[in-house]
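# A look at the structure
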Amino acid sequence: MTKNNQSITGTSSNRTFRRTGTVDPHAGLDAISRITRMAFRYPTRAWLAIIATIIAVLMQLSIPVFLGQAVDQTQAVAEARAEPETLYPIAFLLLFASIARGIFTLIHNYTAETVGHLMARDIRNAVYGKIQNLPFSFHDRTHSGDLITVGMLDLEGVRMFFSTALVRTVLVGLLIGLGAALLLSTNLTLGLLALSFVPFAGWRSAVMRLALRKTWLILQERLGILSQVMEENLGGIRVVRAFASSEHEMKKFEIASKSALRLSHERIETRVQNTSIMTLSFFVSMGLVLYFGGRQVASGEITLGTLATFLTFMTILQMPVRQLGMMVNGYARASTCGARLFALIDHESEINNVPDAQDLKIIDGTLKLENVSFAYKGNTDRQAVTGISFEAKKGETIGVIGSPGSGKTTLMHLIPRFYDPTNGTISIDGQDIRRVTLSSVRQAVAVVQQDSFLFTTSIENNIAYANPYTETSQIHDVAESAQLHDYILGLPDKYETIVGERGVSLSGGQRQRLSIARTLMMKPTVLIFDDSTAAIDAETENRFRTAIKEFAKDRVTLIVAHRLASLMHADRILCLDNGQIIEQGTHEDLLLLGGRYRDLYELQMHPNPEILAKKAGIK
Amino acid sequence: MNQTKPDKTLQSIKDKSPHIRAVVGSHRIEEEIFGRVFDGKVTQRIWQFVRPYKHKVMVSIFAVLAFTCSQLTIPLLIRHAIDSGMAPGVQPTILLQIIIIFAIIVIINFIASRVQELVTGRMAEEVLFDIRRAMFSHLQRVSLSFMDKTEVGRLMSRLQGDVNSMQEFLETSVLAIGDLLLLFGIVMVMFWLDWQLAIMVLTVIPILLGVRILWLTRARSAFMAAHEANSITNGALAEAIHGVRAVQAMDRTKLNSELYGQLVDNTFKAQLRASKLSQVMIPIVDTLTGSAMAVVALAGGMMVVSGRIEVGVMVAFLFYIQRFFDPIRSLTMQYSVMQRAMASGHRLTEVLDVKIDVKDSDKAKPLSSSDDGSIEFQNVTFGYNPENPVVKGISFSVNSGETVALVGPTGSGKSSVMALIHRFYEVQAGAIFVGGHDVRDVTQKSLGRHIAMVLQEPYLFTGTVMENIRYASNWADDKAVVDSAKAVGAHDFILALPKGYDTMLTERGSNLSHGQRQLLSFARALVADAKILIMDEATANIDSYTEMQIQKALQQLLKGRTGIVIAHRLATIRNADRIIVLKQGQLVEQGDHDQLLNLGGLYSQLYQHNYASFDDLPTDLSSKDRKFST
């Protein structure tokens, strides 16, 4: 996590992704057509799915016809007192049509899902690659939860599009269209009666789905608040207990819980009201068909078999009509999900390799900053770092000190090219780091960050993170340098112990030492400690400093710290204020100078509140 | 789109070095174990939550019955219409009568389905929220030692995932009753219409059930595998998002993309397999439906021809066939839902059954505001694990209004002493008195009112600055809140926030600096206006200027109160009236700064090191001692 001093004002306005909120309709349409094109990038499967759908529909439609014929033939045979052998073919046809329907449904569902999964595979790889390569500035502005939503939920929305929306459109359209043609051509009045529920039910279903989707999004938000209340309570349980505030907390819970429950009830009501009315419209149509059809059968206008065909067909049609809503929902979902997903995939990264970039060539290992300035995006009025120049040669150790917000971390993040300076150049052995490959810069400049993110895997894998092909002995070496080896050997699974979110929890100091170990593993040209020893006790830090003395000979070491003891020994100390270097020199030089550094020294080493308060200017 | 072939690249990597120590994501600790279908104890516990809604259960069961009957009646009416209403020359009134009955049935069907779905749906939601409330409220009272060793994430997954799968179960269980009834009803009606034809048609049921059960076990493992592969892949994505800075810093993006590609491929394969298995049932069911229809067309047709049955019966059979595959399908689905629900129910009851160690005793009285702020430890022994006490027979007393600094290396028992005053844990031996009363004889609520606490890590809640400072002190008005903020020196920076006191704090106050958060937590303690203040001083590095402000605020906070401070800073220690030095759970020295320095004991040793912060003290004191003795 970077400390980029984001103020409250800047956070929400320029975020790129939001979980909720509307998507521009144009982008939505574009997304739909792009998803469709993606699906047809697997043309054989996509077309197979569609053809299988058509055949399945034809089979499905033939069943009511065969059933009607079966009834008619039975009646005919009964009246003619003929041999019942004539019933064999129709029974066989029924069986055949059912089996064929089943097989083609299988093919169409399976291939359609396969296309979806293939698309998901491609998108997953693209999203992952994108997220990993987008620069820090993007991640500063983007909430991680929003990225997770895009990569997981929006992905599902897009994946399901082909099978639940596109192919289903073919299915439902054909079924209703051909079925209607069949019925209407057989008997216009009865056909109209039988189909009368279709537009009504289809419309209700679409309205319901869209309403449900909307409430679902709000419900998600309310449930989010509820889980936030619970999570904060459990996470801060000590505060809750300390203030004996369980009543207060229960009240918060009740409010969040009730508001979610109310919406949840609303959701059920919407659903039940619509589905019951759809069923009712279906039965009303059926009753009409039964009455008027029955009259026609009695008067001999149509056969009983025809009536049976109508009734069976209605039953068959009930399901796809209800699914109309799902279809509409599928389109709506894919358009919003797709728009967000593609916005991420298409996001341009500001930090790239220039064309034909060569790897950085290390000769002497000299780091040079010339007049470097930087301002954060969205906060361009205020420069976080202004006109910094310094040079550091192999074997040198540079300390950097300054109050919070003085630009120390920002400066350290410019050197491995996490951000590009707005002005000035940073070079290693005379090569501008923007002109060489990003990967070679990252390998040459290693940062031990303030907040050490550990990966949920073994300690061994964590230490070898930057260099996974290393030898076990190397891992032990760096662990020893980082003063971690003995501790690891005391763990039940030693180097195999799983750490990270779901593993053994380590103390702040242990985390920092692990983070140091994995950085040492990189054997970088420039090694940066960004306030990364704060949680390590002084004696351990001392031992560690001795241990890496040899290691530091071959590289430039930059140390950012609050604790003076951590950087007093440096060859040179830079004192930063407001993004600028205000003092520099050795520890002794700076003490003699009697400036800001001297103040800090007094404050930390001889804390006498009254005198210091005067010095610091606090009344 | 990225069309890399990860397998190949990875293979080449593996050839280079057989020991690649790289993974992305982690294997999920699978919590979704399928339990037994039916667990008496769990059902009983869940029933306790359903019991208050007994009447609603009755109503919905009644509605399900009505619904099922109406469903069953419709094909019979069609049959009746065919056989007696449509014969040539029959009075049209007969058909009309049948249609009127049909209309009545349809209305019953409409009402019954509405009632049943509404009542069941709502009830399931209510029960679900009740269960969650019960769990949450229980967690407010269970011992802190339980909360210490249980990750928040795990509890949350029970409060959410498990509660949700209970909801699914409650909603479907009423539907399952309906499905069972429908199936049973269809079979009965078929036998009633014609038993011979019924037997012929129903032979497909055992086949279907058999196939379905065989299929279910295979399908479930495939679904689980797909689910698991998917969540592993998603886990890796989440890791990439959260750890993106570390990944970029260590230049692992390329390798990670390859590894992730492999996970994606695995997911793809697992999902295809699951999809294949879920689709394979369709042709089987369709074949069996087809066979049943063929049997009716053939055997039923022959029966019609021979005059055994009327043609209406044959049509009714055809309608029933189309209906009876649905309940079988949903019933087998509900089987999995039930298994999942039982496993979830088991985990829910586990939370509800966590023992509450610290309770108000029957004769507990509230501490009154006239009780003073004195604290006394009498021979207190305590351990999180009773065999390994971390506080060993400590006795000391603190007068009302006095400030005492607790000092000692990590593991010396400082935090435990602090927690014991507030009765977060129960002592093993000895007694603790607050305001002259044994903490076990007063109500926890009044003890909380008597003692305010500032923790090492300032913890802020989502909400405005005002709400955060006031927190549970409902009696404090806005002015009191502002006064406290002024007193601790937080007022100025609060006013500088975009909306002043109404500024929303997001994600635990991440929009504030550490020092600012600390000051807010001071203000919170000041608003609580308690007689005793217990504080664990922050060790985090804040710049020295903020540090000064905090020191000043601390003095404000301690004015007129009894203070117990776990001190890390020399400045804090020197300001205390008395210093208590702890080591390995025992009280080794006490006195003021000068007295302790003259004593030449542990405190003076620590002081000689001239560290700015006592947190810099080496953790491993025993080895240190050895070094000193040689």
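Residues numbered from 1 in each chain as written. Chains lettered and ligands numbered in written order. Predicted model: local features only at pLDDT ≥ 70, side-chain atom pairs only at ≥ 80, totals over all residues. Heavy atoms only, no water.

We now examine the overall build of chain A. In terms of regular secondary structure, chain A is built from 22 helices and ten strands. Across the 619 residues that make up chain A, the buried fraction comes to 58%. When contacts within chain A are restricted to residue pairs at least 6 apart in sequence, long-range pairs at least 24 apart make up 78% of them. Within the structure as shown, chain A displays about 25,100 Å² of accessible surface, and the carbon and sulfur contribution to it stands at 56%. (Helix = DSSP H or I, 4+ residues; strand = E, 2+ residues; numbered from the N terminus. Buried < 20%, exposed > 50% of the residue type's maximum accessible area, 1.4 Å probe, protein only. Contact = heavy atoms within 4.5 Å. Areas by Shrake-Rupley, 256 points an atom, 1.4 Å probe, with all protein chains shown as cover.)

Our focus in this paragraph is the pairing of strand β10 (residues 562-566) of chain B. Residue and element names in this part refer to chain B. The buried count for β10 comes to five of five residues, which makes it a mostly enclosed element. The side-chain alternation of β10 yields two buried faces, one formed by Thr562, Ile564 and Ile566 and the other by Gly563 and Val565. Judged from the four bridges that link them, strand β3 (residues 403-407) and β10 form a sheet pairing that is parallel. Across the sheet, residue Leu406 finds its bridge partner in β10, namely Ile566. Here strand β9 (residues 532-536) runs beside β10; their pairing, made up of five bridges, is parallel. (Pairing = 2+ DSSP bridges.)

Sheets are built from strands paired through backbone hydrogen bonds, the pairs being either parallel or antiparallel. All names here are of chain A. A sheet is described by the order of its strands in space; here six strands give the open sequence β6-β7-β8-β3-β9-β10, paired in mixed fashion. Each having just a single partner strand, β6 (445-448) and β10 (580-585) make up the two edges of the open sheet. Averaged over all adjacent pairs, the angle separating strand axes in this sheet is 20°, with direction ignored. In this fold helix α17 (residues 508-520) packs onto β6 and β7 (526-530), with an angle of close to 175° to the strand it touches most, β6. (Axes fitted to C-alpha atoms, helices over the stretch in contact; angles between N-to-C directions.)

Residue and element names in this part refer to chain A. Between helix α4 (residues 87-133) and helix α6 (residues 144-186), whose axes approach to 9 Å, the crossing angle comes to 155°. Classified by the angle between their axes, α4 and α6 sit roughly antiparallel to one another. Crossing geometry of α4 relative to α6 is assigned as right-handed. Together, His108, Ala112, Glu113, Val115, Gly116, His117, Met119, Ala120, Ile123, Arg124, Val127 and Ile131 of α4 and Leu147, Gly151, Leu155, Val158, Arg159, Phe162, Ser163, Val167 and Leu171 of α6 make up the contact between the two elements. Residue composition of the contact of α4 with α6, grouped by class: 13 nonpolar, five polar and three charged. (Parallel < 35°, antiparallel > 145°, perpendicular 65-115°, else oblique. Left-handed = near helix turned anticlockwise from the far one by under 90°. Nonpolar A, V, L, I, M, F, W, Y, C, P; charged D, E, K, R; others polar.)

Chain A puts 161 residues into the contact, and the matching count from chain B is 160 residues. Each partner contributes to the roughly 15,100 Å² buried at the junction of chain A and chain B, and carbon and sulfur atoms together form 66% of this total. Between the two partners, chain A and chain B, sit five salt bridges. Residues Lys445 of chain B and Glu247 of chain A are paired through a salt bridge, measuring 3.4 Å at the closest nitrogen-oxygen approach. Top contributing element to the side of chain A that touches chain B by residue count: helix α10 (residues 246-298) of chain A, with 33 residues. (Buried area = accessible area lost by both parts, 1.4 Å probe. Salt bridge = Lys/Arg side-chain N within 4 Å of Asp/Glu carboxyl O.)

Moving on to the pairing of β10 of chain A. Residue and element names in this part refer to chain A. Two strands pair when backbone bridges link them, and strand β9 (residues 572-577) and β10 are joined in this way by five bridges, in the antiparallel orientation. When the sheet's bridge partners are listed, Leu576 is paired in β10 with Ile581. Counted along the chain from β9 to the antiparallel partner β10, the turn is two residues long, and its residue Asn578 has a positive phi close to 55°.

Attention now goes to the sheet that holds strand β1 (residues 375-382) of chain B. Residues and elements named next belong to chain B. Taking strand neighbours across the sheet as the criterion, the four strands line up as β2-β1-β4-β5 in an open arrangement whose pairing is antiparallel. In the strand order of this sheet, the two ends are held by β2 (391-398) and β5 (437-438), each with one partner. Relative to strand β4 (residues 429-434), β1 is paired through five bridges, and the arrangement is antiparallel. Across the sheet, residue Phe377 finds its bridge partner in β4, namely Ile432. Where helix α12 (residues 414-421) meets the sheet, it contacts β1, β2 and β4, and its direction lies at approximately 120° from that of β1.

Now for the nonpolar core. Of all hydrophobic cores here, the largest spans 130 residues; its most connected members are Phe377, Ile469 and Phe522 of chain B. Ranked by the residues each element gives to this core, the list is headed by helix α4 (residues 92-139) of chain B, at nine residues. With residues up to four places along the chain from it excluded, the contact list for Ile469 of chain B reads Val481, Ala485, Ile494, Tyr501, Leu520, Ala523, Arg524 and Val527 of chain B. Of all hydrophobic cores here, the second largest spans 111 residues; its members include Leu183 and Phe282 of chain A together with Ala226 and Leu298 of chain B. (Core = buried A, V, L, I, M, F, W, Y, C linked by side-chain atoms within 4.5 Å.)

It is worth spelling out the packing of aromatic side chains at this point. Residues and elements named next belong to chain A. Evaluated as defined, the whole model comprises 22 aromatic pairs over all chains. Centroid distance Phe40 to Trp47: 5.2 Å. Interplanar angle 55°. Geometry classified as tilted. Through pairs of rings, three or more aromatic residues link up here, namely Phe136, Phe374, Tyr376, Phe418 and Tyr419. Residue placement shows Arg34 over the ring face of Phe342; its charged tip is 4.0 Å from the ring centre. The ring of Phe551 has Arg555 sitting right over it, with the charged end atom 3.9 Å from the ring centre. (Phe/Tyr/Trp six-rings, centres within 6.5 Å; stacked < 30°, edge-to-face > 60°. Lys NZ or Arg CZ within 6 Å of the ring centre and 35° of its normal.)

A word on the confidence of the model for chain B. All names here are of chain B. Per-residue confidence for chain B gives a mean pLDDT of 78, with 86% of residues at or over 70. Every residue in residues 28-36 is under pLDDT 50, and counting partners more than four places away or in other chains gives 26 contacts. Under a pLDDT of 50 for its full length, residues 610-630 has, in the predicted model, 40 contacts with residues more than four places off or in other chains. (pLDDT = per-residue confidence, 0-100.)

Attention shifts here to the pattern of salt bridges. Any two side chains of opposite charge can pair if their charged atoms end up close together. All chains considered together, the criterion is met by 26 salt bridges over all chains. Among the salt bridges present, the one from Glu310 of chain B reaches Arg79 of chain B, with a minimum N-O distance of 3.5 Å. Residue Glu310 of chain B is found in the loop between α10 (253-305) and α11 (311-352), and its partner Arg79 of chain B is found in helix α3 (residues 54-85); the two are separated by 231 residues along the sequence. For Glu310 of chain B, a relative accessible area of 42% gives the class partly exposed. Asp529 of chain B is the salt-bridge partner of Arg561 of chain B, the closest N and O atoms lying 3.4 Å from each other. Within this pair, whereas Arg561 of chain B is found in the loop between α18 (544-558) and β10, its partner Asp529 of chain B is found in the loop between α17 (514-528) and β9, the two being separated by 32 residues in sequence. Taken together, the shared-partner salt bridges connect Glu254 and Lys258 of chain A together with Asp130 and Arg133 of chain B into one network.

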